[in-house]
Amino acid sequence: MSEEFAIETEGLTKRYDGVTVVDHLNLHVKDNEVFGLLGPNGAGKTTTILMLLGLTEPSEGTARVCGYNPTREPIQVKRLIGYLPEKVGFYENLTARENLKFIAELNGVAYGEIGRRVDEVLEMVGLTEAEVMENASAARQREKTVGKYSRGMKQRLGIADVLIKKPKVVVLDEPTSGLDPKGINQLLDLIAELPGMGTTVVLSSHQLYQVQRVCHNIGILSKGKMVIEGSIDQLGREAMAGGRFSIEVETVEPNEALIKTVQTIKGVGDVQVEENRLLISTDTDLRAEISKAVVQMDFPLIQMKIQEFSLDDIYMKYFKEN
Amino acid sequence: MTAILRKELADYFTSIRFIILFAMMLGVSAVGLWAASQGIRNTNLPEGFIFLGLFTTPGIPLFGSLPVLIALIVPLIGIALGFDAINSERTGGTLSRVLSQPIYRDSVINGKFLAGIVTLSIMVGTMILLISGYGLRMIGVPPTAEEIIRLFMYLVLTIIYGAFWMALAILFSVVLRRIASSLLISLGIWLFFSIFILLVAQAIANAFIPTVDATQAELVRNGELAQMITRTSPIVLYQEATRGLLTPVVVGSLGMLTMSQVAYMIPNPLSLGQSILLIWPHLTSLISLSLICFAASYVVFMRQEIRAT
Ligand SMILES: Nc1ncnc2c1ncn2[C@@H]1O[C@H](COP(=O)(O)OP(=O)(O)OP(=O)(O)O)[C@@H](O)[C@H]1O
Ligand SMILES: [Mg+2]
């Protein structure tokens, strides 16, 4: 077992009554990265996550979370991992603080520290004091029970609940569902900060642009199999341009000499001209070299773009082909 | 586990369910006590068992005596405390959250079971104390030491009896996803064992040993077979044990007696030791039944998939 993987699975398989829903999955999530787990409905994302948490047993294969086996060493795994379920539920007759306290107690947080931690995570997820309190007269301030929370407020409380144990690994199953746009932005910012604090994040979501914004690496599941895995940039280039960068330069009336010069730059492949634009295909990001060459040839450099790949393109391209 | 136990207890004591059960229990005590007060004057109680008479006088028809009422209501309390223990957390989505914390799965069941037993003990204890207290004022005869021991054993027996029904209800709350199903099945089993088992037992006994043109010996064997079958019912077990503990005078033996034998019976009170010996098998059967239910829920729960849907 190498140390650099926070989560590692080998041939992980789950069958329900003979139907295989997770099929020999080899998943690798590095330490301190944000990993996006994608795939259409019923692809097996939630099932995979349940096996990582020891909430269901694999039919075959093994999983490792920080070096521990979730089936055989569930307590060690659960000490390190924070899980936000697809549908998060709280004790509705208790207040947010009471719910959080209970989870903190189960995690053995020192009694004196619980109150401080609860306040800390409530602030992290942006549940303000006004939202936590009952709308009663100022004289008798009471806290609201979770039963009176809105869907999005519960979702935020769910994130707070995950963070209160200070986990090494966080697994979030569709964490942005039910949140308002501002809430989504706050959550994405929060997720992006987690690796800096030494926390690895696994995120399952259908919101591709959100995934693209925070994830370093992604894996796309389909029918229980990993069909694409890697960083978004690299995957995009592989899917759309055969593994190459595509750089677009806008100038004025490019001539043969300019094209020749650009072509001599090391690493440049094909160069095409479309009116005032050069479309250059390269092995690496050569924007600096190309712009220097254009300016040295006395051509104006009006605009320069490197083609970016959206996760949408990758996702759609894969599922159109299949 | 202490955190779970504490939370469960707090839940029970603040729930409407607890208040309703408590009110029901008070009602039963009041009715039973009233019935006893009506009947106790006409009953000829032997020396030393006058106080127990509170719990045993047949009372007035329709209401039955106190132990019968208690035998009826304690299963309901047990079922009410357990029927949604696990599946309400499952449908509420809290089970996923709790079980992804570093605790053993069994501590969830243990915590709930223990909290249930504490609640049950408080209810049954209060009930028996209340009845004794008011009874004391009513009849003015203080209990003897032996009566106190017998009442205490009755309390323990009743708690074990309630624990069995709670364990059964918890088992169904683990196995069945829907709260309504686990409630209905628990109540169904309760109904079967309290009423239908008597009919079923008699029918089976009659099938094997017909009572038409039967000799005296055959009639006795028929009765014994029927009784053996009804003893599969925890309710019957509990009622027999109660009789052994609280009505040591009439019982003598828990077996079958013909009318002629009854006529020869000398009203000779059983000693405490003999009573305990008599109910010992009943007690151990009830305990093992509870343990079987508890172990079964444990085994099923340990390997169950916990999915929040
Ligand atoms: N208890 C079960 N018994 C049988 N099949 C199941 C069970 N739970 C899930 N499945 C099947 O497993 C497959 C994968 O389900 P899973 O919940 O992992 O999908 P998902 O990728 O999380 O989908 P979604 O995007 O809708 O959340 C589905 O086809 C589902 O029907
Ligand atoms: Mg899912």
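These numbers were taken from a predicted model, which means no experiment stands behind them.

Colleague: Tell me about the site of ligand 1, residues and numbers included.
Modeller: In the vicinity of ligand 1 there are 14 residues, among which A:Gly42, A:Lys45, A:Thr46, A:Thr47 and A:Glu86 approach most closely. Near ligand 1, residues from chains A and B are present, making the site a shared one. For ligand 1, an oxygen atom lies 3.4 Å from a polar atom in the side chain of A:Glu174. Taking A:His206, its side chain carries an N or O atom lying 2.8 Å from an oxygen atom of ligand 1. Bound to the protein, ligand 1 loses 65% of the 640 Å² it would expose on its own.

Colleague: Please set out the layout of surface pockets residue by residue, giving values where relevant.
Modeller: All names here are of chain B. By volume, the largest pocket amounts to about 440 Å³. Elements supplying a minimum of two residues to the lining of the largest pocket: helix H1 (2-14) and helix H5 (87-92). In terms of residue count, the dominant contributor to the lining of the largest pocket is H1 (4 residues). Classifying every residue of the lining of the largest pocket gives 5 nonpolar, 5 polar and 8 charged.

Colleague: For the nonpolar core, give the residues involved together with the corresponding values.
Modeller: Ranked by internal contacts, the top residues of the largest apolar core, which has 154 residues, are A:Ile7, A:Leu157, A:Ile218, B:Phe55, B:Tyr154 and B:Phe301. Ranked by the residues each element gives to this core, the list is headed by helix H8 (residues 145-175) of chain B, at 17 residues. Excluding anything up to four places from it in sequence, A:Ile218 contacts A:Phe35, A:Gly36, A:Leu38, A:Val211, A:Ile228, A:Glu229, A:Gly230, A:Ile232, A:Leu235 and A:Leu311.

Colleague: Tell me about empty space enclosed by the protein, residues and numbers included.
Modeller: Residues and elements named next belong to chain A. Within the structure shown, the criterion is met by 4 cavities of 30 Å³ or more. Looking at the largest cavity, its volume works out to about 80 Å³. Lining the largest cavity, in full, are Met124, Val125, Arg156, Ile159, Leu179, Gly183, Gln186, Leu187 and Leu190. Listed by contribution, the elements that provide at least two residues to the lining of the largest cavity are helix H6 (151-163) and helix H7 (181-193). No other element matches the 4 residues that H7 contributes to the lining of the largest cavity. Counted by class, the lining of the largest cavity contains 6 nonpolar, 2 polar and 1 charged residues.

Colleague: Now, about the packing of H8(B) against helix H14 (residues 272-302) of chain B: what can you tell me, with residues and values included?
Modeller: Residue and element names in this part refer to chain B. One can describe the packing of H8 onto H14 by two numbers: an axis separation of 8 Å at closest approach and a directional angle of 20 degrees. The orientation of H8 relative to H14 falls into the category roughly parallel. Note that H8 runs across H14; the crossing there is left-handed. A class-by-class count of the residues in the contact of H8 with H14 yields 25 nonpolar, 3 polar and 2 charged.

Colleague: Summarise the coordination of the magnesium ion (ligand 2); cite the residues concerned and give the values.
Modeller: Looking at the metal site, the magnesium ion (ligand 2) is ligated by A:Thr46 (OG1) and A:Glu86 (OE), spaced 1.9 to 2.4 Å from it. Taken together, the residues A:Thr46 in helix H1 (residues 45-53) and A:Glu86 in the loop between strand E6 (81-84) and helix H3 (96-106) connect sequence positions 40 residues apart.

Colleague: So what about the sheet that holds strand E11 (residues 245-250) of chain A? Which residues, and what values?
Modeller: Residue and element names in this part refer to chain A. Here 4 strands make up an open sheet; going across it, the order is E12-E13-E11-E14 and the pairing antiparallel. One side of each edge strand has no neighbouring strand; the edge strands of this open sheet are strand E12 (268-274) and strand E14 (303-306). Shown here is a sheet whose adjacent strand axes are inclined to one another by a mean of 15 degrees, direction ignored. Strand direction decides the pairing type here: E11 and E14, joined by 4 bridges, are antiparallel.

Colleague: Talk me through the domain arrangement of chain A; I want residue IDs and the actual numbers.
Modeller: Looking at chain A, the domain boundaries give domain 1 (5-235) and domain 2 (242-309). For domain 1 of chain A versus domain 2 of chain A, the separation of C-alpha centres amounts to 44 Å.

Colleague: Which residues make up the interface of chain A and chain B, and what are the values?
Modeller: Residue-level contacts link 31 residues of chain A with 27 residues of chain B. Buried area between chain A and chain B, both sides added, is near 2600 Å², and the carbon and sulfur share of it is 54%. When the area that chain A buries against chain B is broken down by residue, the three leading residues are A:Leu55, A:Tyr91 and A:Leu106, summing to 24%. On inspection of chain A and its partner chain B, the count reaches 3 salt bridges.

Colleague: Pulling in residues and values, what's your account of helix H9 (residues 179-208) of chain B?
Modeller: All names here are of chain B. For H9, built from 30 residues, the straight-helix expectation of 44 Å at 1.5 Å per residue is met to within 8% by its first-to-last C-alpha distance of 40 Å. Roughly 55 degrees is the biggest bend found in H9, and it falls at Phe196. Restricting attention to buried positions, one finds in H9 the residues Ser182, Ser186, Trp190, Phe193, Ile197, Ala201 and Ala205. Of the surrounding elements, those touching the buried residues of H9 are helix H4 (66-82), H5, H8, helix H10 (216-230) and helix H11 (234-246).

Thresholds, definitions, all that
- Residues numbered from 1 in each chain as written.
- Chains lettered and ligands numbered in written order.
- Predicted model: local features only at pLDDT ≥ 70, side-chain atom pairs only at ≥ 80, totals over all residues.
- Heavy atoms only, no water.
- Near = heavy atom within 4 Å.
- Polar contact = N/O pair within 3.5 Å; in protein donor to acceptor, adjacent residues only side chain to side chain.
- Areas by Shrake-Rupley, 256 points an atom, 1.4 Å probe, with all protein chains shown as cover.
- 1 Å grid on protein atoms, 1.4 Å probe; cavity = no way out; pocket = protein on both sides within 12 Å on 5 of 7 lines; lining within 4 Å.
- Points joined across faces, edges and corners; volume = space filled by probe spheres on them.
- Helix = DSSP H or I, 4+ residues; strand = E, 2+ residues; numbered from the N terminus.
- Nonpolar A, V, L, I, M, F, W, Y, C, P; charged D, E, K, R; others polar.
- Core = buried A, V, L, I, M, F, W, Y, C linked by side-chain atoms within 4.5 Å.
- Buried < 20%, exposed > 50% of the residue type's maximum accessible area, 1.4 Å probe, protein only.
- Contact = heavy atoms within 4.5 Å.
- Axes fitted to C-alpha atoms, helices over the stretch in contact; angles between N-to-C directions.
- Parallel < 35°, antiparallel > 145°, perpendicular 65-115°, else oblique.
- Left-handed = near helix turned anticlockwise from the far one by under 90°.
- Donors = N, O, S within 2.8 Å, 3.2 Å for Na, K, Ca; no water.
- Pairing = 2+ DSSP bridges.
- Domains from an automatic or database assignment.
- Buried area = accessible area lost by both parts, 1.4 Å probe.
- Salt bridge = Lys/Arg side-chain N within 4 Å of Asp/Glu carboxyl O.
- Expected span 1.5 Å × (residues − 1).
- Bend = angle between axes of the 7 residues up to and from the residue.

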